[in-house]
Amino acid sequence: MLRDDMADTMITAQEIQARVAELGQQISADYAGQDLLLIAVLKGGVLFLTDLMRHISVPHAIDFMAISSYGHSTETTGVVRILKDLDDPIDGRNVLIVEDIVDTGRTMDYLLRILNARRPASLRVCTLLSKPSRRELDVPLDYVGFDIPNEFVFGYGLDLRELYRDQPFIAALRPEYYGASLQELLEGSE
Ligand code: PRP
C-alpha cells in the first residue's frame, strides 16, 4: 500500500458496507415485484455491483458496459467511448445503471442517452460516489451512496494508475502526488 503520507482514508470499509446495505434495501423496496436488470460500468463499478446485488432481494439480472473517459490520468479528458457493449437488448426492461462515481457527468449523460434510445421500461442510476462540485452536465441520480469533495479518490473499485481497486475503503490521494507516476508512487511505498 502507499505510504501513509501519500493518501488519506475518506470513507471507511464499514461506512461503505453500511451504505451499500441501505441502498440495496431501498432498491429492493422500489423494484418489488418488478423485473430488474443491473448494468455495471467497468471497471470501477464492479466491486460496488457485487456487494450491492447481495443486498437486493428482488430477482435481478446483470450485464456490463465499459466506457472510457479518463484514460490513465487523474484528470478527465472528456473523451467518452464504448469499449464493451451490453450482451443483450434492454427494450421493455427496468434498467438500473450501477456506477462507482459520477464526476463531470459526461459519462453518465452519454450512457443515459444511448440506453434511453434502446427503449427500456425504466432507466435509473445508482452511483456509490458523486462529486457535485465537478458537474458539467446535470444528470439525474436516483441513488447516491456518498457526495464527496473534489479530490482524487481510489479504492473500492476505483483505481490509482490501475492499482488499488481491491482496497475495501475509499482513499484520497494527497494533491502533491497528483502528478506522480506509478513508479514514483510505488518507489515511495513500502
Ligand atoms: C470513471 C467512472 C465513471 C467516469 C465518471 O471511469 O467509473 O465511469 O469516470 O467521470 P465523469 O462523470 O467525469 O464522466 P474511468 O474512465 O476512470 O474508468 P474505470 O472505471 O475503468 O477506472
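As a starting point, this report considers the structure included with it. None of the values given here were measured: they were computed from a predicted structure.

1. Thoughts on the site of the ligand
1) Next: Every one of the 16 residues lining the ligand counts as a neighbour, but Glu99, Asp100, Asp103, Thr104 and Thr107 are closest to it.
2) Next: Contact between the ligand and Lys43: an oxygen atom at 2.9 Å from a main-chain N or O atom of the residue.
3) Next: Here Gly44 contributes a backbone N or O atom positioned 2.9 Å from an oxygen atom of the ligand.
4) Next: For the ligand, whose unbound accessible area comes to 500 Å², protein coverage reaches 92%.
5) Next: Looking at the shell around the ligand, the elements that each hand over two or more residues are strand 5 (94-102) and helix 3 (106-116).
6) Next: Looking at the shell around the ligand element by element, the count peaks at 4 residues for strand 5.
7) Next: Residue composition of the shell around the ligand, grouped by class: 4 nonpolar, 5 polar and 7 charged.

2. Some remarks on the packing of helix 1 (residues 13-30) against helix 2 (residues 46-53)
1) Next: As a packed pair, helix 1 and helix 2 sit with axes 9 Å apart at the nearest point and diverge in direction by 60 degrees. In terms of axis orientation, helix 1 runs oblique to helix 2. Considering only the axes of helix 1 and helix 2, their crossing is right-handed. For the pair helix 1 and helix 2, the contacting residues are Gln17, Val20, Leu23, Gly24 and Ile27 in the first and Phe48, Asp51 and Leu52 in the second.
2) Next: Counted by class, the contact of helix 1 with helix 2 contains 5 nonpolar, 2 polar and 1 charged residues.

3. Quick word on helix 1
Given 3.6 residues per helical turn, the α-helix brings residues three or four places apart onto the same face.
1) Next: An ideal rise of 1.5 Å per residue puts 26 Å on 18 residues; helix 1 measures up with 26 Å between its terminal C-alpha atoms.
2) Next: Buried within helix 1 we find Ile16, Val20, Ala21, Leu23, Gly24, Ile27 and Ser28. Across the axial projection of helix 1, the buried residues extend over an arc of 165 degrees, all falling on one side. Residues Gln14, Gln25 and Ala29 are exposed on helix 1 and point more than 90 degrees away from its buried face.

4. Points about the sheet that holds strand 3 (residues 60-68)
1) Next: Strands sit in the order 4-3-2-5-6-7 across an open sheet of 6 strands; the sheet is mixed. Bordering the open sheet on either side are strand 4 (81-84) and strand 7 (143-147), each of which pairs with just one other strand. Each adjacent strand pair in this sheet contributes to an overall mean axis angle of 30 degrees, direction not counted.
2) Next: Note: strand 2 (residues 36-42) against strand 3, 7 bridges, orientation parallel. Among the inter-strand pairings, Ile39 is bridged to a residue of strand 3, identified as Asp63.
3) Next: Its contacts with the sheet place helix 1 against strand 2, strand 5, strand 6 (122-130) and strand 7, and it is angled at close to 160 degrees to strand 7.
4) Next: Strands strand 2, strand 3, strand 4, strand 5 and strand 6 of the sheet are contacted by helix 3, whose axis makes an angle of about 165 degrees with strand 5.

Scoring rules and cut-offs
Residues numbered from 1 in each chain as written. Predicted model: local features only at pLDDT ≥ 70, side-chain atom pairs only at ≥ 80, totals over all residues. Heavy atoms only, no water. Near = heavy atom within 4 Å. Polar contact = N/O pair within 3.5 Å; in protein donor to acceptor, adjacent residues only side chain to side chain. Areas by Shrake-Rupley, 256 points an atom, 1.4 Å probe, with all protein chains shown as cover. Helix = DSSP H or I, 4+ residues; strand = E, 2+ residues; numbered from the N terminus. Nonpolar A, V, L, I, M, F, W, Y, C, P; charged D, E, K, R; others polar. Axes fitted to C-alpha atoms, helices over the stretch in contact; angles between N-to-C directions. Parallel < 35°, antiparallel > 145°, perpendicular 65-115°, else oblique. Left-handed = near helix turned anticlockwise from the far one by under 90°. Contact = heavy atoms within 4.5 Å. Expected span 1.5 Å × (residues − 1). Buried < 20%, exposed > 50% of the residue type's maximum accessible area, 1.4 Å probe, protein only. Arc of directions from axis to C-beta. Pairing = 2+ DSSP bridges.

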